[in-house]
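# Chains, contacts and geometry: an overview
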Amino acid sequence: MQKQGHEEGTGLCKITPTFNLPSRYVLHTVGPIIYTSVGSREKILLANCYKNCLETVAQNQLESVAFCCISTGVFRFPADLAAQIAVETVEMWLTENPDSSVKKVVFNVFGNKDLEIYQGLLL
């Protein structure tokens, strides 16, 4: 942020090399922070995180992407609602972009509670 002179906007995506990590790139996205309750604006911003990451993946002709539980944890987005938005957004994007390079999407979870939420949505 110091080098570019500003913070990243919520819901946007930036791609960088990973250097010593076991992948080619890292996607950076800023999810919404929940201060009181989740409104429609926060839901849209979270969905934009996933959409913009998928667009970036496709623009770079990448075949796979792994998402963490964006905005949950210290950003306080309720895990169940965040997972629902993540899954619905990714499924919709894949349906609308059948010819993209994206072939595999992984939802990487923080713990057993998140695992149960995603299993309930995906199985």
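All of the points below concern the structure found in this document. (Residues numbered from 1 in each chain as written. Predicted model: local features only at pLDDT ≥ 70, side-chain atom pairs only at ≥ 80, totals over all residues. Heavy atoms only, no water.)

## Details of the side chain of Ser100
With respect to the element layout, Ser100 can be found in the loop between helix H2 (79-96) and strand E4 (104-107). Among the polar contacts listed, one links the side chain of Ser100 to the backbone nitrogen of Val102, at a separation of 3.2 Å. Discounting residues that sit within four places of it in the chain, Ser100 has contacts with Ala58 and Trp93. (Helix = DSSP H or I, 4+ residues; strand = E, 2+ residues; numbered from the N terminus. Polar contact = N/O pair within 3.5 Å; in protein donor to acceptor, adjacent residues only side chain to side chain. Contact = heavy atoms within 4.5 Å.)

## Details of helix H1 (residues 40-59)
When the terminal C-alpha atoms of H1 are compared, their 28 Å separation across 20 residues agrees well with the 28 Å that a helix rising 1.5 Å per residue should span. Positive backbone phi, approximately 55°, marks Gln61, located one or two places after H1. (Expected span 1.5 Å × (residues − 1).)

## Section: the environment of Gly5
Mapped onto the secondary structure, Gly5 falls in the segment before strand E1 (14-17). The exposure class of Gly5 is exposed, given its relative accessible area of 63%. Sequence spacing of Gly5 and Ser37 is 32 residues, and the spatial spacing of their C-alpha atoms is 31 Å. (Buried < 20%, exposed > 50% of the residue type's maximum accessible area, 1.4 Å probe, protein only.)

## Observations regarding a nonpolar patch on the surface
Residues Leu121, Leu122 and Leu123 make up a contiguous nonpolar surface patch of about 330 Å² in total accessible area. Mapped onto the fold, Leu121 is located in helix H3 (residues 112-122). (Patch = residues over 30% accessible without salt bridge, like charges linked within 9 Å, V, L, I, M, F, W, Y side chains within 5 Å. Areas by Shrake-Rupley, 256 points an atom, 1.4 Å probe, with all protein chains shown as cover. Salt bridge = Lys/Arg side-chain N within 4 Å of Asp/Glu carboxyl O.)

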